[in-house]
Amino acid sequence: MFQHVAYYAGDPILGLVDKFNADPRPHKVNLSIGIYFDEKGKLPVLSCVRTAEIERAREAQPRSYLPMEGLASYRQAIQHFVFGKNNPALLNNRIATIQTIGGSGALKIGADFLHQWFPHAKVYVSDPTWDNHKSIFEGAGFSVSTYPYYDAQTISVKFEEMVSFFKTLPADSILILHPCCHNPTGVDLNPQQWDEVLQIIQTNKLIPFMDIAYQGFGDSFEKDAYAIHKAIEMGLSFFVSNSFSKNLSLYGERVGGLSVVCPSTEEAQLVFGQLKAGVRRIYSSPPSHGAYITAQVINTPALFQEWEQEVAQMRERIKTMRQQLYQTLKTKLPHRSFEYFIQQRGMFSYTGLTPEQVQRLQDEFAIYLVGSGRMCIAGLNTSNIEYVANAIAEVLA
Ligand code: LMR
């Protein structure tokens, strides 16, 4: 009966996590999935989250269904956090925001919406990008192509090529953009480059879909959202998928959001209705616990402040690991350049290691990177960094 069902070779990232978990070698190191581990190699429970959870557990909490669009206080928290409280688009009710099942859920609801209302549009993702961008938009029925992005020679963005390409696209082409901490390369646009890209988007009437999953891991909550703030200021209409998986360390709670910035209040209401319809036909309504906790942290000034500090600590620890890896490898292999480790931002480094070298790291050293050579720096700590540096030096020698 199911003979015709195609074989699934597994996900390039989640498949590695399964493999890592099954690996019995005690010295194994997981540098594959984008998860922040602390200095002890543990998944942190943030203190702000703990406080909010204790508070919420004080009394029994009945668990009714949330509405299709999710928890109101959580949706408001997303809007304040991502766009800023006093944003004119927000004050004019031009932003339709729903709670989603993680950032992936936001991409899925957004992709389905776009396919229904812009059926002839084409989708463009950066070359390279997070693999699931392609899968989700193709799954929604789109044809997905790439736009030039990463230049391995210069460890920077192929900016001229990218903007020339954007200029050739017809109106309503959908661009998936990473406002900060580009996944997988760790190479971002600077503010001037964003200004230019957004200008082309406005002139050519393209549809930007900004996927922000690492807000706070680049420079700060505020600076990492530069592209979003600028797009609002320019009066653009656009999509934002956001996630609190990483910055609140709430991965399993699936705390995400989808916001659509619209030209008018009336259009925002139409869009909001269709987003709700999209949720209803897939999973009816989102789960509640993570949303209550996230809303509590963001909407309580003292907890928000504590959160900001905790994210700053995570960000700084990643930067320290980048420095240490760079210094150690530079000493071991003085003829090679490892500058990229300190140039790239956020959790990821695109190492340029070949699939064969990545495989050797896994087979011989129990060190797991994604096959593309993407390394999650947040999996390094002072106990494993020397071991990892030695292994990299060995496969590169
Ligand atoms: C990653 O890129 O590793 C994360 O976004 C986790 C995932 O779902 O792939």
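Looking at an unreviewed UniProt entry, one finds the chain named Aminotransferase and attributed to Pelistega ratti. Looking at the chain in UniProt, the text filed under Sequence similarities (unreviewed entry) is "Belongs to the class-I pyridoxal-phosphate-dependent aminotransferase family."

Undergrad: Got a minute to help me understand the overall build of the chain in this structure?
TA: Regarding its fold elements, the chain presents 16 helices and 13 strands. Since a compact globule built from 397 residues should have a radius of gyration of about 21 Å, the 21 Å found for the chain is in line with a globular shape. Considering the chain as a whole, with its 397 residues, one finds that 55% of them fall into the buried category. Considering only contacts within the chain whose residues lie at least 6 apart along the sequence, 76% involve residues at least 24 apart. Surface accessibility of the chain: about 17,800 Å² in total, with carbon and sulfur atoms responsible for 53%. A gap of 3 Å separates the mean positions of the 35 positive and 38 negative side-chain charges of the chain.

Undergrad: Where do I start with the packing of helix α15 (residues 355-365) against helix α16 (residues 385-396) in this structure?
TA: Angle between the axes and distance between the axes are the two parameters that describe a pair of packed helices. α16 packs onto α15 with a crossing angle of 125 degrees between their chain directions and a minimal axis gap of 10 Å. Between α15 and α16, the angle is such that the two are oblique. Of the two possible hands of crossing, α15 and α16 adopt the one that is right-handed. For the pair formed by α15 and α16, the contact residues are Gln 357, Arg 360, Leu 361 and Phe 365 on the first element and Tyr 387, Ala 391, Ile 392, Glu 394, Val 395 and Leu 396 on the second. Split by residue class, the contact of α15 with α16 holds seven nonpolar, one polar and two charged.

Undergrad: Just to check I follow, could you spell out the UniProt feature "domain: Aminotransferase class I/classII large" (unreviewed entry) in the chain for this structure?
TA: Mapped onto this structure's residue numbering, the UniProt feature "domain: Aminotransferase class I/classII large" (unreviewed entry) falls at residues 27-392. Summarising residues 27-392: 47% helix, 15% strand, and an end-to-end C-alpha distance of 15 Å.

Undergrad: What should I look at first to understand the environment of Phe 348 in this one?
TA: With respect to the secondary-structure elements, Phe 348 resides in strand β11 (residues 348-350). On the basis of relative accessibility, which here comes to 1%, the residue Phe 348 falls in the buried class. Taking the C-alpha atoms as reference points, Phe 348 and Thr 185, separated by 163 residues in sequence, lie 6.4 Å from one another. Not counting the four nearest positions on each side in its chain, Phe 348 is found in contact with Ser 32, Gly 34, His 182, Asn 183, Pro 184, Thr 185, Gly 186, Tyr 214, Arg 322, Arg 374, Met 375 and Cys 376.

Undergrad: Just checking my understanding: could you explain the environment of Pro 287 for this structure?
TA: Along the chain, the position of Pro 287 falls in the loop between α11 (265-282) and α12 (289-299). Given the relative accessible area of 41%, Pro 287 is considered partly exposed. The sequence separation of Pro 287 and Tyr 65 amounts to 222 residues, and the corresponding C-alpha distance is 7.9 Å.

Undergrad: Explain the site of the ligand to me, please; I cannot follow it from the model alone.
TA: The full set of residues close to the ligand is Ile 13, Ile 33, Gly 34, Trp 130, Asn 183, Tyr 214, Lys 246 and Arg 374. Side-chain polar atom of Trp 130 to an oxygen atom of the ligand: 2.9 Å apart, as the coordinates give it. At a separation of 2.9 Å, an oxygen atom of the ligand approaches a polar side-chain atom of Asn 183. Taken by itself the ligand offers 260 Å² of open surface, and the protein chains cover 83% of this. Across the shell around the ligand, the residue classes break down as four nonpolar, two polar and two charged.

Undergrad: Any chance you could explain the packing of aromatic side chains here in plain terms?
TA: Where two aromatic rings form a pair, the distance of their centres and the angle of their planes describe that pair. In the structure shown here, the tally under the stated rule is 24 aromatic pairs. With a centroid separation of 5.2 Å and 85 degrees between ring planes, the pair formed by Tyr 150 and Tyr 350 is classed as edge-to-face. Here Tyr 350 lies in strand β11 and Tyr 150 lies in strand β5 (residues 150-151), a separation of 200 residues in the sequence. The pair Tyr 150 / Tyr 350 is uniform in exposure class, with both members buried.

Undergrad: Explain the pattern of salt bridges to me, please; I cannot follow it from the model alone.
TA: When charged atoms on two side chains of opposite charge get close, those side chains can pair. Scanning all chains against the criterion turns up 10 salt bridges. Ionic pairing is found between Asp 219 and Arg 345, a salt bridge with its closest N-O pair at 3.0 Å. Highlighted residues: Asp 219 in the loop between β8 (207-212) and α9 (221-224) and Arg 345 in the loop between α14 (340-343) and β11, separated in sequence by 126 residues. Look at Asp 219 and you get partly exposed, because its relative accessible area is 34%. Two residues, Glu 386 and Lys 332, come together in a salt bridge whose shortest N-O distance is 3.5 Å. You can see Glu 386 sitting in helix α16 and its partner Lys 332 sitting in helix α13 (residues 301-332), a full 54 residues away along the chain. Here Glu 386 falls in the partly exposed class, since its relative accessible area comes to 42%. We classify Lys 332 as partly exposed; its relative accessible area is 32%. Here the salt bridges share partners, and the residues they tie into one network are Asp 188, Asp 219 and Arg 345.

Undergrad: How should the pairing of strand β4 (residues 144-148) be read in this particular structure?
TA: Moving residue by residue along a regular strand, the side chains alternate between the two faces of the sheet. Bridge count between strand β3 (residues 123-127) and β4: five bridges; the pairing is parallel. Note that in β4 the partner of Tyr 124 across the bridge is Ser 145.

Undergrad: I'm lost on the side chain of Gln 99 in this one. Help?
TA: Inspection of the secondary structure assignment puts Gln 99 in strand β2 (residues 95-101). A polar contact of 2.9 Å, which involves the side chain of Gln 99, links it to the backbone nitrogen of Leu 71. Dropping the residues within four chain positions of it, Gln 99 is found in contact with Leu 66, Glu 69, Gly 70, Leu 71, Tyr 74, Arg 75, Gly 256, Tyr 283, Pro 286, Pro 287 and Ala 291.

Undergrad: Honestly, the domain arrangement of the chain in this entry has me stumped. Any pointers?
TA: For interface size, the figure often reported is the accessible area lost on association. Each assigned domain of the chain is listed with its residue range as follows: domain 1 (12-34 + 304-396) and domain 2 (63-299). For domain 1 and domain 2, the distance between their C-alpha centroids amounts to 27 Å. On the side of domain 2, 29 residues touch domain 1, which itself brings 21 residues to the contact. Across the domain 1 to domain 2 interface the summed buried area is about 2,200 Å²; carbon plus sulfur atoms make up 62%. If you sort the residues of domain 1 by the area they bury against domain 2, Trp 307, Arg 345 and Tyr 350 come out on top, with a joint share of 33%. Inspection of the domain 1/domain 2 interface yields two salt bridges. In this structure, Arg 345 engages Asp 188 in a salt bridge whose closest nitrogen and oxygen atoms are separated by 2.9 Å. Linking domain 1 to domain 2 there are 11 residue pairs in polar contact (both at pLDDT 80 or more). Every element with two or more residues in the side of domain 1 that touches domain 2 is listed here: α13, α14 and β11. With eight residues, the top contributor of residues to the side of domain 1 that touches domain 2 is α13.

Procedures and definitions
Residues numbered from 1 in each chain as written. Predicted model: local features only at pLDDT ≥ 70, side-chain atom pairs only at ≥ 80, totals over all residues. Heavy atoms only, no water. UniProt positions renumbered as here; feature names shortened; annotations may be inferred. Helix = DSSP H or I, 4+ residues; strand = E, 2+ residues; numbered from the N terminus. Rg over C-alpha atoms; globule rule 2.2 N^0.38 Å. Buried < 20%, exposed > 50% of the residue type's maximum accessible area, 1.4 Å probe, protein only. Contact = heavy atoms within 4.5 Å. Areas by Shrake-Rupley, 256 points an atom, 1.4 Å probe, with all protein chains shown as cover. Lys, Arg positive; Asp, Glu negative; His and termini not counted. Charge placed at Lys NZ, Arg CZ, Asp CG, Glu CD. Axes fitted to C-alpha atoms, helices over the stretch in contact; angles between N-to-C directions. Parallel < 35°, antiparallel > 145°, perpendicular 65-115°, else oblique. Left-handed = near helix turned anticlockwise from the far one by under 90°. Nonpolar A, V, L, I, M, F, W, Y, C, P; charged D, E, K, R; others polar. Near = heavy atom within 4 Å. Polar contact = N/O pair within 3.5 Å; in protein donor to acceptor, adjacent residues only side chain to side chain. Phe/Tyr/Trp six-rings, centres within 6.5 Å; stacked < 30°, edge-to-face > 60°. Salt bridge = Lys/Arg side-chain N within 4 Å of Asp/Glu carboxyl O. Pairing = 2+ DSSP bridges. Domains from an automatic or database assignment. Buried area = accessible area lost by both parts, 1.4 Å probe.

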